[in-house]
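# Residue-level structure breakdown
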Amino acid sequence: MPQRRQTNAASKPRPVMNPIGPSRSLSLRQLEVFYAVISAGSITAAAERLLISQPTVSTMIRRIEDQLGLALFLKERGRLVPSNEGRVLFAALQRNFRHFQAIADTITYLQRDVSQRMSIAAIQPLSSGLIAHAMKDFLADNTDARVNLLVRPRRDVYEAVASDGVDLGISFGTGEAKAEGLEVEQVCAGRIYCIMPKGHPLEARDFVSHAELNAWPQVSYPPSHQWIYLIYEKIMGNAPSEAVLTVENVNSVYPNVENGIGVGLVDEFSLRFHAKDRLSFRPFEPCIDVTIELIYPHRKSSDLTKAFVRHFKSICADMASSPI
């Protein structure tokens with residue numbers, strides 16, 4: 001057994017090291033107790049700070065000293081004070097416990113707020129309009145909520161949901177997500193519109209047909225890139241005329257149409273939230289339906305996700321009952 005420490009500072013013996021090396025490794029809890037005794041000023045105050053009993057603290061200090069083979073405390077005038085070794089160890093802990101405290105604070109923060117955190121993956125046409133409006137009302141009602149919105153291509157949205165990387169996916173309905181075994185809920189439906197610059201001859205039409213669309217330069221999408229192009233081909237049975245300009249997403253169609261480069265096809269949902277001062281729009285015929293679907297991961301939805309879904313559905317219902 002290691003020698004017990006002396007209580008008299010003047011007769012302090014040379015520390016006897018524990019011959020069993022691994023036993024000298026202290027746990028984080030032991031270091032925390034040692035640190036608390038010195039920083040609090042007494043065993044009683046340390047016990048109160050750590051929410052444990054005074055005998056438990058005393059026992060742990062004795063075990064630490066036995067384990068290390070060092071006298072970390074001395075008694076002077078009835079008070080427990082750190083020895084030279086104790087002060088050196090405390091100084092080292094002061095330098096490093098700030099990092100431990102930061103880690104502990106981070107863990108506490110995450111544990112406290114995990115029920116108020118949510119991640120959503122969505123396609124661009126919906127993120128900047130419909131979702132943004134739903135998010136405004138949702139965050140107004142859930143002030144503690146913290147949301148991470150990932151704007152991704154359609155396929156990436158599916159993959160994020162399938163891997164349980166997000167709490168919710170929002171996309172246009174194409175049947176792909178359901179075919180991959182994901183849980184899908186369709187929440188609203190719209191249609192495709194043809195947009196044109198202000199003053200364009202197609203403004204005289206009540207709707208724009210396939211032949212009328214192809215009579216004008218078009219701003220469109222690369223083949224097999226956009227869902228709208230795929231639907232167009234399926235409905236028409238043949239490819240549309242070659243576009244004078246292809247863009248990567250529907251939000252890029254609007255400024256180019258407004259600048260007079262051509263006409264274009266867009267979804268109703270992005271059109272509803274786009275300024276109309278520089279463009280006109282007409283329904284495209286034959287009607288091409290566009291649905292919005294919510295895509296759920298395999299795990300159970302959190303209360304926060306359910307709350308957002310309610311807000312999103314409410315915005316969709318209000319939109320469906322009002323003209324563009």
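### Some remarks on the side chain of Asn256
The residue Asn256 is located in helix H11 (residues 253–258) in this model. Only 2.7 Å separates the side chain of Asn256 from the backbone oxygen of Ser252, close enough to count as a polar contact. Dropping the residues within four chain positions of it, Asn256 is found in contact with Val219, Leu245, Val247, Ile261 and Gly262.

### Things to note about the packing of helix H6 (residues 130–141) against helix H13 (residues 303–320)
Interaxial distance between H6 and H13 falls to 9 Å at its minimum, and their mutual angle equals 130 degrees. Here H6 is positioned oblique relative to H13, judged by the angle of their axes. Between H6 and H13 the crossing geometry is right-handed. Contacts from Leu130, Ile131, His133, Ala134, Met135, Asp137, Phe138 and Asp141 of H6 reach H13 at Leu304, Ala307, Phe308, His311, Phe312, Ile315, Cys316 and Met319. Across the contact of H6 with H13, the residue classes tally to twelve nonpolar, two polar and two charged.

### Examining the pattern of salt bridges
Per the counting criterion, the structure on display carries eight salt bridges. Linking Arg299 and Asp164 is a salt bridge whose minimum nitrogen-to-oxygen distance equals 3.7 Å. You can see Arg299 sitting in the loop between strand S11 (289–296) and H13 and its partner Asp164 sitting in the loop between helix H7 (154–162) and strand S5 (168–172), a full 135 residues away along the chain. A salt bridge links Asp167 to Arg299; its shortest N-O distance comes to 2.6 Å. Separated by 132 residues along the polypeptide, Asp167 in the loop between H7 and S5 and Arg299 in the loop between S11 and H13 bring together distant segments of the chain. Bridged by salt links that share partners, the residues Asp164, Asp167 and Arg299 form one connected network.

### A short note on the packing of aromatic side chains
Within the structure shown, the criterion is met by six aromatic pairs. By the ring-pair criterion, three or more aromatic residues cluster together here, those being Phe138, Phe308 and Phe312.

### Quick notes on helix H3 (residues 54–68)
Spanning 15 residues, H3 covers 21 Å between terminal C-alpha atoms, matching the ideal 21 Å at 1.5 Å per step. Among the residues of H3, Val57, Ser58, Met60, Ile61, Ile64, Glu65, Asp66, Gln67 and Leu68 are the ones counted as buried. Structurally, H3 contributes buried residues whose contacts are with helix H1 (28–40), helix H2 (43–50) and strand S1 (73–76).

### Here's the deal with a nonpolar patch on the surface
Side chains of Leu139, Val147, Leu149 and Val151 sit close together on the surface and give an oily, nonpolar patch of about 250 Å² of accessible area. Per element, the largest residue contribution to the nonpolar patch is three residues, and it comes from strand S4 (residues 146–151). When you line up the elements, Val147 lands in strand S4.

Cut-off values and rules
- Residues numbered from 1 in each chain as written.
- Predicted model: local features only at pLDDT ≥ 70, side-chain atom pairs only at ≥ 80, totals over all residues.
- Heavy atoms only, no water.
- Helix = DSSP H or I, 4+ residues; strand = E, 2+ residues; numbered from the N terminus.
- Polar contact = N/O pair within 3.5 Å; in protein donor to acceptor, adjacent residues only side chain to side chain.
- Contact = heavy atoms within 4.5 Å.
- Axes fitted to C-alpha atoms, helices over the stretch in contact; angles between N-to-C directions.
- Parallel < 35°, antiparallel > 145°, perpendicular 65-115°, else oblique.
- Left-handed = near helix turned anticlockwise from the far one by under 90°.
- Nonpolar A, V, L, I, M, F, W, Y, C, P; charged D, E, K, R; others polar.
- Salt bridge = Lys/Arg side-chain N within 4 Å of Asp/Glu carboxyl O.
- Phe/Tyr/Trp six-rings, centres within 6.5 Å; stacked < 30°, edge-to-face > 60°.
- Expected span 1.5 Å × (residues − 1).
- Buried < 20%, exposed > 50% of the residue type's maximum accessible area, 1.4 Å probe, protein only.
- Patch = residues over 30% accessible without salt bridge, like charges linked within 9 Å, V, L, I, M, F, W, Y side chains within 5 Å.
- Areas by Shrake-Rupley, 256 points an atom, 1.4 Å probe, with all protein chains shown as cover.

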